[in-house]
Amino acid sequence: MLEVSELFVSYGAISALRGISLKVDHGSIVTLIGGNGAGKTTTLRTISGLLRPRSGTVTFLGENITQLPAHKIVARGIGHVPEGRMVFSNLTVNENLAMGAYLCKDKASIARDRDYVFGIFPRLRERLKQSAGTLSGGEQQMLAIGRALMGEPKLLMLDEPSLGIAPRLISTIFEKIVEINRDRKISILLVEQNANLALEISSHAYVLETGSLSMDGASADLRMNPQLKAAYLGGYKQPK
Amino acid sequence: MSEFLQQLINGLSLGAIYALIALGYTMVYGVLRFINFAHSDVFMVGAFIGYYVGRHLPEGTVWGGLIAMAAAMAGCAVLGIGIERLVYRPLRSGPTLNVLITAIGMSLFLEYSGQLVFGATPRAFPSIFPAKLIEVHGLIVSMNQVIVIVVAAVLMVALEFAVFKTKIGTAMRAVALNPKAAQLVGINIDVVISFTFGLGSALAGAGGVLYALNYPSIDPLMGLVPGLKAFVAAVLGGVGNIPGAALGALILGMVETFVDGSRWSTYKDAIAFATLIGILLFRPAGLLGRFTAEKV
Ligand SMILES: Nc1ncnc2c1ncn2[C@@H]1O[C@H](COP(=O)(O)OP(=O)(O)O)[C@@H](O)[C@H]1O
Ligand SMILES: [Mg+2]
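Residues numbered from 1 in each chain as written. Chains lettered and ligands numbered in written order. Predicted model: local features only at pLDDT ≥ 70, side-chain atom pairs only at ≥ 80, totals over all residues. Heavy atoms only, no water.

Draft legend 1. Expanded view of the nonpolar core. If you look at the biggest cluster of nonpolar residues, it comprises 88 residues, and the most contacted ones within it are Met99 of chain A together with Tyr88, Ile187 and Leu210 of chain B. Residue contributions to this core peak at 14 residues, all from helix H1 (residues 2-32) of chain B. Leave out the neighbours within four places in its chain, and Met99 of chain A touches Phe88 and Leu91 of chain A together with Lys167, Thr170, Ala171, Ala174, Val185 and Ile187 of chain B. Listed in part, the 46 residues of the second largest apolar core include Ala132, Ile186, Leu190 and Val207 of chain A. (Core = buried A, V, L, I, M, F, W, Y, C linked by side-chain atoms within 4.5 Å. Buried < 20%, exposed > 50% of the residue type's maximum accessible area, 1.4 Å probe, protein only. Helix = DSSP H or I, 4+ residues; strand = E, 2+ residues; numbered from the N terminus. Contact = heavy atoms within 4.5 Å.)

Draft legend 2. Broad picture of the packing of helix H10 (residues 242-260) of chain B against helix H11 (residues 268-282) of chain B. All names here are of chain B. Axis separation between H10 and H11 bottoms out at 9 Å; the angle between their running directions is 145°. Considering how the two elements wind past one another, H10 and H11 form a crossing that is right-handed. Only Lys268, Asp269, Ile271, Ala272 and Thr275 of H11 make contact with H10, whose side of the interface consists of Leu252, Val255, Glu256, Val259 and Asp260. (Axes fitted to C-alpha atoms, helices over the stretch in contact; angles between N-to-C directions. Left-handed = near helix turned anticlockwise from the far one by under 90°.)

Draft legend 3. Representation of helix H5 (residues 143-165) of chain B. The terminal C-alpha atoms of H5 of chain B, which comprises 23 residues, lie 32 Å apart, in line with the 33 Å expected from a rise of 1.5 Å per residue. Buried residues of H5 of chain B: Met143, Asn144, Gln145, Ile147, Val148, Val151, Ala152, Leu155, Leu159, Ala162 and Val163 of chain B, and no others. (Expected span 1.5 Å × (residues − 1).)

Draft legend 4. Quick look at the coordination of the magnesium ion (ligand 2). Bound to the magnesium ion (ligand 2) on the protein side are Thr41 of chain A (OG1) and Glu83 of chain A (OE), at distances that span 2.0 to 2.2 Å. Taken together, the residues Thr41 of chain A in helix H1 (residues 40-47) and Glu83 of chain A in the loop between strand E6 (78-81) and helix H3 (93-100) connect sequence positions 42 residues apart. (Donors = N, O, S within 2.8 Å, 3.2 Å for Na, K, Ca; no water.)

Draft legend 5. Fine view of the interface of chain B and chain A. Chain B puts 22 residues into the contact, and the matching count from chain A is 27 residues. Here chain B and chain A share an interface that buries about 2,300 Å² over both sides, 62% of which is from carbon and sulfur atoms. One can count one salt bridge joining chain B with chain A. In this structure, Glu95 of chain A engages Arg173 of chain B in a salt bridge whose closest nitrogen and oxygen atoms are separated by 2.8 Å. Summed over the shared surface of chain B and chain A, the result is three residue pairs in polar contact (both at pLDDT 80 or more). (Buried area = accessible area lost by both parts, 1.4 Å probe. Salt bridge = Lys/Arg side-chain N within 4 Å of Asp/Glu carboxyl O. Polar contact = N/O pair within 3.5 Å; in protein donor to acceptor, adjacent residues only side chain to side chain.)

Draft legend 6. How the structure looks around the packing of helix H3 (residues 62-88) of chain B against helix H8 (residues 189-214) of chain B. All names here are of chain B. Relative orientation of the contacting elements H3 and H8 amounts to 140°, with a least axis distance of 7 Å. Relative to H8, the element H3 lies oblique. Judged by the twist between their axes, the crossing of H3 over H8 is right-handed. Residues Met69, Ala72, Met73, Cys76, Ala77, Gly80, Ile81, Glu84 and Tyr88 of H3 form the contact with H8, whose own contacting residues are Ile193, Ser194, Phe197, Gly198, Ser201, Ala202, Gly205, Ala206, Val209 and Leu210. (Parallel < 35°, antiparallel > 145°, perpendicular 65-115°, else oblique.)

Here's what the structure looks like:
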């Protein structure tokens, strides 16, 4: 459903991506792993239209969306939970969710989506009137995911959802990602430094190293890969 | 005592006008992080629209005054949206300094175009509203002052509603907080920015007419001083903060009026600015402003 081919992206003179190609199939969970500064965030931002590539194309559901502005890409069905969550801190939880449904005109379907979001993250319902900036890191992550779900995405991209979150909550968030994929048939593109966990829930994985892909394959195979183990899976302690 | 009340009302009406201008500065700063220096000239154009429309309406009627004001608001909204669309937007991706300098250029352009089109000589503003004096317990209030305060209050309540209760207003606050995240929920930033300029300019247009009612001569450079004061008010309240701009404007209007009525009246502007400096020394982000840091 999503196909990225030969993407080159640079910040001024610094080139950040040098020919990235990847694919996400309908209904699958695909992960993009790599160390700090590898270009994971840049990849997601280019897909969602926040950055323009120097060359290469992004195709979504058969349409070339490379040059579309970000708000139109959202309308096509790509949700993006950005790195660092980026909830609207001075807005209430309720307003954040309402903004998530910005493009949705149908009141009944907005209400249904809200119920779904509260179903997976009951805490958000309790915090409805609170401003988003007062939530804990984990709650903000739930809100950021909930906000993206309110836009009824067909593909959900998540940028390091485990970053800066209490270990106890990380496994909850990952369970919810699996649940969203299973129940709503939403395809997932998951960016992580936390390779162990990402490989566990995904079917296919790409490994990014300083702007280009060094490896890709079935997640189950990559978990056994000795090179990868040494580079990313080594010192990591899995949360209970 | 009655003199005190009198001054209070004078200060309130002056502050209300500053507030109408200051809100435009602060809203535009909120979404674009730049000071629209041409804003005070949009205020001037509002006064001139009120002048030309008002001359074709019967004088001294409430409905005539309201029509002149509505025309000024609509005309200024179109002007503000047009300036952003044609002049600022093409520069938006560049450094903020470029837009800032362009805004100064735009301000001069409007001032000199005004002198060309309207002429440089001050003109008497028609009394578009009923010019009555109202006396309550020895307190004399002009109808114009009442109109300034009532209209400004109504407009500020309407703005409060637009910004805090409507979808586009919430989108405006979202863009001000985080433009990237706003785009990621499908908000078209261009639409929100046009809306912001339209709203701010309409308020400035109303401010222009109200100002002209109480200081009844207008000229193409009339925006300079009130514009500067309103800008100060916006900084005083915490630039980017909407209630802050209104509060800052009321404080400034009061300080200025009371100093003007005292024996230090020559120094009224100096004291108004000293107040600003004093407040900023203790609250660098302004009265209600704060340097927001995203929680990581
Ligand atoms: N706004 C920016 N300006 C300049 N360079 C940037 C910017 N954002 C990221 N980079 C650079 O691009 C490279 C990739 O960054 P990023 O995509 O954020 O990596 P990751 O998400 O994998 O940590 C890094 O070398 C980083 O320093
Ligand atoms: Mg990143």
